[in-house]
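Survey of secondary and tertiary structure
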Amino acid sequence: MKVTALDSLPVAYVSHDSQVEKKVLLKYGEVPHVPQLAVATLKPGEQATMHHHKDMTETFHFQAGNGEMEVDGKILEVKAGITVTVFPMEAHEIRNTGAENLVVIYFGIV
């Protein structure tokens with residue numbers, strides 16, 4: 001069993017966007033087939049730039065704020081309660097278009 005308290009975790013940064021803060025709940029190797037479980041916070045105007053993963057499916061659950069998520073050219077409005085799953089090779093980007101922090105919990109599966 002592993003128990004983690006979000007408020008006790010150090011701030012890290014998303015590998016492809018060094019300004020986007022995250023807290024890592026599960027690290028690579030702690031759970032089979034799950035490279036990471038993390039909570040990211042995008043401040044107003046910030047974005048996690050377009051990228052894709054060769055062999056990973058990634059699921060994003062938005063917890064607070066408003067924004068957009070672009071997946072392979074399709075723009076989706078996102079807000080608290082929305083979950084989006086992207087599959088390998090689907091290019092994706094998240095943008096905070098709101099006035100408050102956009103908070104998203106996400107994990108990958110390989």
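The text that follows walks through the structure, step by step, so that each part is easy to find.

How each quantity is defined
- Residues numbered from 1 in each chain as written.
- Predicted model: local features only at pLDDT ≥ 70, side-chain atom pairs only at ≥ 80, totals over all residues.
- Heavy atoms only, no water.
- Pairing = 2+ DSSP bridges.
- Helix = DSSP H or I, 4+ residues; strand = E, 2+ residues; numbered from the N terminus.
- Axes fitted to C-alpha atoms, helices over the stretch in contact; angles between N-to-C directions.
- Polar contact = N/O pair within 3.5 Å; in protein donor to acceptor, adjacent residues only side chain to side chain.
- Contact = heavy atoms within 4.5 Å.
- Buried < 20%, exposed > 50% of the residue type's maximum accessible area, 1.4 Å probe, protein only.

With antiparallel pairing, six strands are arranged side by side in an open sheet as β1-β2-β3-β10-β5-β8. Each edge of the open sheet is held by one strand with a lone partner, namely β1 (12-14) and β8 (83-86). Ignoring strand direction, the axes of neighbouring strands in this sheet form an average angle of 35 degrees. Pairing geometry for strand β5 (residues 57-64) and strand β10 (residues 102-109), over seven bridges, is antiparallel. Of the residues in β10, the one forming a bridge with Glu 58 is Gly 108.

Turning our eyes to something else, we now look at the sheet that holds strand β6 (residues 66-71). Pairing in this open sheet of four strands is antiparallel, and the strands run β4-β9-β6-β7 from one edge to the other. The sheet terminates laterally at β4 (47-51) and β7 (74-79), the two strands that pair on one side only. The sheet shows a mean angle of 20 degrees between the axes of neighbouring strands, direction not considered. Sheet topology note: the β4/strand β9 (residues 92-96) ladder contains three bridges and is antiparallel. Residue His 51 lies in a different strand from β9, and its bridge partner there is His 92.

Attention now moves to the side chain of Lys 22. Of note, Lys 22 is situated in strand β2 (residues 17-26). Reaching out from Lys 22, the side chain makes a polar contact with the side chain of Gln 36 at a distance of 2.8 Å. Filtering out sequence-adjacent residues up to four positions away, Lys 22 remains in contact with Pro 10, Val 11, Ala 12, Tyr 13, Val 14, Gln 36, Ala 38, Val 39, Ala 40 and Tyr 106.

Moving on: the side chain of Glu 93. By the element assignment, Glu 93 lies in strand β9. Residue classification places Glu 93 among the buried positions, given a relative accessible area of 10%. A polar contact is formed between the side chain of Glu 93 and the backbone nitrogen of Met 50, at a distance of 3.0 Å. Look past the residues within four positions of Glu 93 in its chain and what remains in contact with it is Gln 47, Ala 48, Thr 49, Met 50, Glu 68, Met 69 and Glu 70.

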